[in-house]
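Survey of secondary and tertiary structure
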Amino acid sequence: MFVRAIYTTGDPTKIDTAIRAMNTEGRDLLEDRPGYRGASVFVDRTLGKLLAASWWESEQARRNSDEVLRERRAAMLDPFAGTLSVDNFEALVFHQARQPQAGGGLRLTRLEFDPMDTDLLADTFRSTVVPRLENLQGLARASLLVDRERGRGMVGVIFVDQPSLAASRSAQASARHEGAAKAHLTVTGLEEFEVVFTDVRGE
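A few points on the structure. (Residues numbered from 1 in each chain as written. Predicted model: local features only at pLDDT ≥ 70, side-chain atom pairs only at ≥ 80, totals over all residues. Heavy atoms only, no water.)

1. As for the packing of aromatic side chains
Per the stated rule, a full pass over the model turns up two aromatic pairs. Both rings, one in Tyr 36 and one in Trp 56, keep their centres 5.5 Å apart while their planes meet at 65°; by these two values the pair is edge-to-face. Placement of Tyr 36 in strand β2 (residues 36–44) and of Trp 56 in strand β3 (residues 49–56) is noted, with a sequence separation of 20 residues between them. Each member of the pair, Tyr 36 together with Trp 56, is buried. Relative to Phe 94, the ring of Trp 55 has its centre 5.4 Å away and its plane inclined at 75°; by these criteria the two rings are edge-to-face. Of the two residues, Trp 55 sits in strand β3 while Phe 94 sits in strand β4 (residues 81–96), which places them 39 residues apart along the sequence. By relative accessible area, which is 4% here, Trp 55 ends up buried. We note Arg 27 situated over the ring of Phe 197; from NZ or CZ to the ring centre the distance is 3.9 Å. Between Arg 110 and the ring centre of Tyr 7, over which it is positioned, the NZ or CZ distance is 4.9 Å. (Phe/Tyr/Trp six-rings, centres within 6.5 Å; stacked < 30°, edge-to-face > 60°. Helix = DSSP H or I, 4+ residues; strand = E, 2+ residues; numbered from the N terminus. Buried < 20%, exposed > 50% of the residue type's maximum accessible area, 1.4 Å probe, protein only. Lys NZ or Arg CZ within 6 Å of the ring centre and 35° of its normal.)

Structural data, given as structure tokens:
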């Protein structure tokens, strides 16, 4: 699958306006597009951050959808969004243990790596990181998204509730350290979000 990730920051007091728009108009627009496989919205209400991801069965479907949605994006996120960035990724790993739910937690790890090590990264995530994550209480989903050309990626690990997210920090830090060493990657960012909704249909 292929993913478009929209990352916005803005006034925390106005974030609910953006959430409502993404959860209504945004989902309606996406569901009408060919090749749509689902979407997710995550927020940090304290700092004023919103991460929205749409999932597509092919790179072409993702590209075609963006031509339609690009003009509507700013209007949907107004008046919340002060900054907005869009990234495109390929989903190399999508591991779902159970269905995530609203109110759960997402831990997002941002990565940089040599593009020639992309396959090594995917193999390491499947063979080393996922088995360790499966032992964590409350795990719902783990995914690895990459931009092969730029050598950038994200690991998203979703837990069914906030206590499980908090309890997993030490164990996931250990798994992250081991995976980074084996895959020769650099961790460039670490964030946590609340799950607003996610309805992705895996392979």
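Once the structure has been displayed, the description carries forward.
2. As for the pairing of strand β5 (residues 105–113)
Buried residues dominate β5, accounting for seven of its nine residues. Note that β5 and strand β7 (residues 152–159) share eight bridges and pair antiparallel. Paired with Arg 107 across the strands is Val 157, a residue of β7. Pairing of β5 with strand β8 (residues 185–198), which is carried by nine bridges, proceeds in the antiparallel orientation. The partner of Gly 105 across the bridge, within β8, is Glu 194. (Pairing = 2+ DSSP bridges.)

3. Thoughts on the packing of helix α1 (residues 15–31) against helix α2 (residues 59–77)
One can describe the packing of α1 onto α2 by two numbers: an axis separation of 9 Å at closest approach and a directional angle of 160°. Classed by the angle they form, the pair α1 and α2 counts as roughly antiparallel. Between α1 and α2 the crossing geometry is right-handed. Residues Ala 18, Ala 21, Met 22, Glu 25, Gly 26, Leu 29 and Leu 30 of α1 touch α2, and the partners they reach there are Leu 69, Arg 72, Met 76 and Leu 77. (Axes fitted to C-alpha atoms, helices over the stretch in contact; angles between N-to-C directions. Parallel < 35°, antiparallel > 145°, perpendicular 65-115°, else oblique. Left-handed = near helix turned anticlockwise from the far one by under 90°. Contact = heavy atoms within 4.5 Å.)

4. Focus: the sheet that holds β2
Spatially, β1-β3-β2-β8-β5-β7-β6-β4 is the arrangement adopted by the eight strands of the closed barrel, whose pairing is antiparallel. This sheet shows a mean twist of 35° between the axes of neighbouring strands, independent of strand direction. Bridge count between strand β6 (residues 139–147) and β7: eight bridges; the pairing is antiparallel. If you follow Leu 144 over to β7, its bridge partner there is Val 155. Sheet contacts for helix α3 (residues 118–133): β4, β5, β6, β7 and β8; angle to β6, the most-contacted strand, approximately 170°. Seen against the sheet, helix α5 (residues 169–183) touches β5, β7 and β8 and runs at an angle of roughly 135° to β8.

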